[in-house]
Each structure stands twice: as C-alpha cells, then as structure tokens.
Amino acid sequence: KQEVTQIPAALSVPEGENLVLNCSFTDSAIYNLQWFRQDPGKGLTSLLLIQSSQREQTSGRLNASLDKSSGRSTLYIAASQPGDSATYLCAVVPTQGGSEKLVFGKGTKLTVNP
Amino acid sequence: DGGITQSPKYLFRKEGQNVTLSCEQNLNHDAMYWYRQDPGQGLRLIYYSQIVNDFQKGDIAEGYSVSREKKESFPLTVTSAQKNPTAFYLCASSKKGAGGYEQYFGPGTRLTVT
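Residues numbered from 1 in each chain as written. Chains lettered and ligands numbered in written order. Predicted model: local features only at pLDDT ≥ 70, side-chain atom pairs only at ≥ 80, totals over all residues. Heavy atoms only, no water.

Draft legend 1. Looking closely at the packing of aromatic side chains. Residues and elements named next belong to chain B. Taken as a whole and judged by the stated rule, the model has eight aromatic pairs over all chains. Ring centres of Tyr 64 and Tyr 89 lie 5.9 Å apart, and the angle between their planes is 65°; on these two criteria the pair is classed as edge-to-face. Of this pair, Tyr 64 sits in strand S7 (residues 64-66) while Tyr 89 sits in strand S9 (residues 87-94); the two residues are 25 residues apart in sequence, bridging distant segments of the chain. Judged by its relative accessible area of 0%, Tyr 89 falls in the buried class. Here the basic side chain of Arg 68 rests over the ring of Phe 74, its NZ or CZ set 6.0 Å away from the ring centre. (Phe/Tyr/Trp six-rings, centres within 6.5 Å; stacked < 30°, edge-to-face > 60°. Helix = DSSP H or I, 4+ residues; strand = E, 2+ residues; numbered from the N terminus. Buried < 20%, exposed > 50% of the residue type's maximum accessible area, 1.4 Å probe, protein only. Lys NZ or Arg CZ within 6 Å of the ring centre and 35° of its normal.)

Draft legend 2. Broad picture of the pattern of salt bridges. One pass over the full model with this rule turns up six salt bridges over all chains. In this structure, Asp 59 of chain B engages Lys 101 of chain A in a salt bridge whose closest nitrogen and oxygen atoms are separated by 2.9 Å. Of this pair, Asp 59 of chain B sits in the loop between strand S6 (54-57) and S7 while Lys 101 of chain A sits in the loop between strand S9 (86-94) and strand S10 (103-104), on two different chains. Measuring nitrogen to oxygen at the nearest pair gives 2.9 Å for the salt bridge that ties Arg 44 of chain B to Asp 38 of chain B. You can call Arg 44 of chain B partly exposed: its relative accessible area is 27%. Connected via shared salt-bridge partners are Arg 36, Asp 38 and Arg 44 of chain B. (Salt bridge = Lys/Arg side-chain N within 4 Å of Asp/Glu carboxyl O.)

Purely geometric numbers; function is a separate question.
Encoded structure:
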C-alpha cells in the first residue's frame, strides 16, 4: 500500500530564505506527483505536477524535483515571502488501483516571518 | 471563470440526519472525486467517478453515498450511518486518462454534526 510522508511537519523561516520541503513515497509505481498549497480553511491549490517520466518542474520561485527510483520529491521555494505561509501537501497517483486517486502526505506547515 | 464550486461553505446538522454536499464543475472534466480531511491526517478518498452514471468506492466509503447523473455534478450524501461525520470535505476533478492529469480542488465544505 502506497504511503506518503512529509518531513518536517512544520517549518518556520525568516523572509528571504531559500527552503526545501521534502516528500517521500514507499512505492515507485506512480503516474505522477503533485504539490499543493492549502491556506487555513481553504481548498487545495495545485502548484506543480510532475509526470513519472519527468525529473523536475518549475513555476516562478517554485521548483519541484522527482526521483522516482528512490521514492523522493522536493519542493524548493526561492526567496521566501510571508505570503508563502501555508500548508504544503504532496500527493502521488499510484499506477495500481484502477483510478486516478491521489494518496496524500500529511503536509508541511510553513511559516515565513517578516 | 472555469472551476469547481462547493456549497455550502459551512454546514451544521444534528446527529441522525442525512446531509447532502454539493459539488459542481465547469471544466468539462470526466473524473470527479470526494476527499475528507481531518486534523493531523492526510486527505482520504471517499468516492470517485470516472464517467457519468458510474462511481466507485474509495478508502473510506462507509456511511456515504454519491450519484453522478450529470457530468458537471457529483453530490455527496453523508448518512446517519457515518460515525464521525464532522470534517472538512473537498471535491476535485480531472480529465479522464491514465493517471497523468492534474487534479483541481474546490474550496471545501466544513460539516459539523452535533
């Protein structure tokens, strides 16, 4: 059974710092990996989608990498800002199961201090 | 604007009552999903539908029911059989395919049962 782990559970950094969020998954048989952002009491906003054949994706100050063989992904945030404060969720779509259901980690709560 | 709408944002019910959560999308997506989010836990899949008039149970379907009579709509009913219904409920959609498509989420409905 696929399991997704995110470490650390919480992270606090000063504004302007570059940071890395980690995600690991137990089964490398995945279609893709998706990073989301969730603000308190809100839905999920998709940040980046990496297909299983890709190594990384970039959007603005965000860069996500995928190492499928080792079961790891990282989300790099450059020059962090207070507006980046949110919970970041990682999720994978396993190839087994017959659906495109996402298996989520529990998230990393990021606080960027002014 | 294309997107996913969920209503209501907050819902309060007494124990023993059934309640239906609405989810509508205008993205022309074939697949739709219902997830449940509890504090300290990752999102868990309740039901999903890959095509109209067809749906499948997810990991925690007991006490829930769904219908998919229209492509745009995927309502979720929380029945009195659900033992711990208080949670944040999120609806999502994606193009149908071999697991390679991005999932988009609605703003969520917070259900409180007392």
